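Spelled out from the first residue to the last, the chains are:
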Amino acid sequence: MLGISKEQLAEFPEIRFPGKVVLVDSAAKARDALIYLNKLTQIGFDTETRPSFRKDQHYKVSLVQLSTFDECFLFRLKQLGSLQGLVELFENPAIQKIGLSVKDDFHSLARLPEFKGFNPRGFVELQTFVKQFRIADNSLQKIYGLVFNEKISKSQRLTNWEAPTLTPSQQSYAALDAWACLKLYNHLVAGGFNPDKCPYSIDDETAEALQRSVGIHVETHDDGSVTVEENPPRPKAPKPAPEKKKAVRKPRKTAPRKTAARRPRKKGKDKPEGENQEPAAV
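About the cut-offs
- Residues numbered from 1 in each chain as written.
- Predicted model: local features only at pLDDT ≥ 70, side-chain atom pairs only at ≥ 80, totals over all residues.
- Heavy atoms only, no water.
- Core = buried A, V, L, I, M, F, W, Y, C linked by side-chain atoms within 4.5 Å.
- Buried < 20%, exposed > 50% of the residue type's maximum accessible area, 1.4 Å probe, protein only.
- Helix = DSSP H or I, 4+ residues; strand = E, 2+ residues; numbered from the N terminus.
- Contact = heavy atoms within 4.5 Å.
- Arc of directions from axis to C-beta.
- Pairing = 2+ DSSP bridges.
- Axes fitted to C-alpha atoms, helices over the stretch in contact; angles between N-to-C directions.
- Salt bridge = Lys/Arg side-chain N within 4 Å of Asp/Glu carboxyl O.
- Right-handed = clockwise from strand over helix to strand, strands pointing away.
- Polar contact = N/O pair within 3.5 Å; in protein donor to acceptor, adjacent residues only side chain to side chain.
- Parallel < 35°, antiparallel > 145°, perpendicular 65-115°, else oblique.
- Left-handed = near helix turned anticlockwise from the far one by under 90°.

A. Geometry of the nonpolar core. Counting residues in each nonpolar core, the largest one holds 41 residues, and the members touching the most others are Leu126, Ile135, Tyr144, Leu146, Val147, Leu184 and Phe193. Listing elements by their share of this core, those giving two or more residues are strand 5 (71-76), helix 5 (126-129), helix 6 (140-148) and helix 7 (168-189). In contact with Leu184, not counting residues within four places along its chain, are Leu126, Leu140, Ile143, Tyr144, Val147 and Phe148. Leu80, Leu89, Phe118 and Phe123 belong to the second-largest nonpolar core, a separate cluster that totals 27 residues.

Listed below in structure tokens is the structure:
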């Protein structure tokens, strides 16, 4: 299986989002953006949540990024009012949404009242999709680096995405992942990546651990083809044979011995003659 180390990744040149960023921070802008996006057949998808630095502190999704090859729309959810338009887009199977670790995004979105019980359709999970190209890595940064020999910057990952304004560099960072997912998927589908020519590989034990971490199993066949099984059943460990209980002998219950009650002797009676008598004087 193919995989790349952090040290190898650090040697690659850093990329930046090459397109136009459209900040969607009002209901009117959201309506216009969704009219445009609903006419497309494929977009890149990602979300951002304000980072938390305490175990007891959790935030809801702040930003949804939807990207084409040329521009990325950043939906600032708290400033939009109704989110029903986004829910309908995510439930539309005719529009392909390419993302990575999308189940985590769904889980976070479901905490919003408008997304409670929503049924996401038309999504492609890159973590699973890339396995048919023998790519073991799961992170977008490593997958992108392995395929394109370029590095996605993570310098803005601790941004407060609920801040009143986002700087141009923060906006560009947010747009990059959704765009990278779209680019990766189309490059792989078009046959632009040949696993046999990739110089980066990892050992089988590490590859299997990466597969288990995302709930899949990858099997490589003799002809080079790959089978990806999602959520494989875990083999059940054999139950230990029950220990034989040793028979414990119960002590016999014995009736208490009956002893005849002795009658008390009366003074001076039943004594042999001469007993307790003083010797006669000589």
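B. Just the environment of Leu40, in detail. Locating Leu40 in the fold gives a position in the loop between helix 2 (27-37) and strand 3 (42-49). Since its relative accessible area comes to 23%, Leu40 is described here as partly exposed. Along the backbone, Leu40 and Ala94 are 54 residues apart, and their C-alpha atoms lie at a distance of 9.0 Å. With residues up to four places along the chain from it excluded, the contact list for Leu40 reads Thr68 and Ile95.

C. Fine view of helix 4 (residues 102-109). Taken residue by residue, helix 4 has Val102, Asp105, Phe106 and Leu109 as its buried positions. With its buried residues spanning 100° around the axis, helix 4 presents them on a single face. Exposed residues lying more than 90 degrees from the buried face of helix 4 are Lys103, Asp104 and His107.

D. Main features of the sheet that holds strand 4 (residues 61-67). The 6 strands are arranged 2-5-4-3-6-7 in an open sheet whose pairing can be described as mixed. Because the sheet does not close on itself, it has two edges, and the strands there are strand 2 (20-24) and strand 7 (123-125). Recorded for the sheet is a direction-independent mean angle of 25° between the axes of neighbouring strands. Contacting strand 2, strand 3, strand 4 and strand 5, helix 2 runs over the sheet at an angle of about 140° to strand 5.

E. Structural view of the pattern of salt bridges. Within this structure, the stated rule accounts for 5 salt bridges. Note that Asp25 is salt-bridged to Lys29, the shortest N-O span being 3.0 Å. Here Asp25 falls in the partly exposed class, since its relative accessible area comes to 26%. Note on Lys29: relative accessible area 41%, which makes it partly exposed. Between Asp196 and Arg134 there is a salt bridge, with the nearest N and O atoms lying 2.7 Å from each other. Remark: Arg134 occurs in the loop between helix 5 and helix 6 and Asp196 occurs in the loop between helix 7 and helix 8 (204-213); sequence separation between them is 62 residues. Each of the salt bridges in this network shares a partner with another, and the network as a whole consists of Arg50, Lys78 and Glu162.

F. Quick look at the pairing of strand 6 (residues 96-99). Judged from the 3 bridges that link them, strand 3 and strand 6 form a sheet pairing that is parallel. Paired with Gln42 across the two strands is Gln96, which belongs to strand 6. Note: strand 6 against strand 7, 3 bridges, orientation parallel. Opposite Lys97, over in strand 7, you have Phe123 as the bridge partner. You can see the chain leave strand 6, run along helix 4 and come back into strand 7, and the turn it takes is right-handed.

G. Fine view of the environment of Ser82. With respect to the element layout, Ser82 can be found in the loop between strand 5 and helix 3 (84-90). Remark: the alpha-carbon pair of Ser82 and Ala27, spanning 55 residues in sequence, is separated by 7.5 Å. Here the side chain of Ser82 touches Gln84 through a polar contact of 3.3 Å, landing on its backbone nitrogen.

H. Region of the structure containing the packing of helix 6 against helix 7. In contact at an axis separation of 11 Å, helix 6 and helix 7 are set at 45° when each is read in the N-to-C sense. Of the possible angle classes, the one that applies to helix 6 and helix 7 is oblique. The crossing of helix 6 and helix 7 is left-handed. Contacts from Leu140, Ile143, Tyr144, Val147 and Phe148 in helix 6 reach Asp177, Trp179, Ala180, Cys181, Lys183, Leu184, His187 and Leu188 in helix 7.

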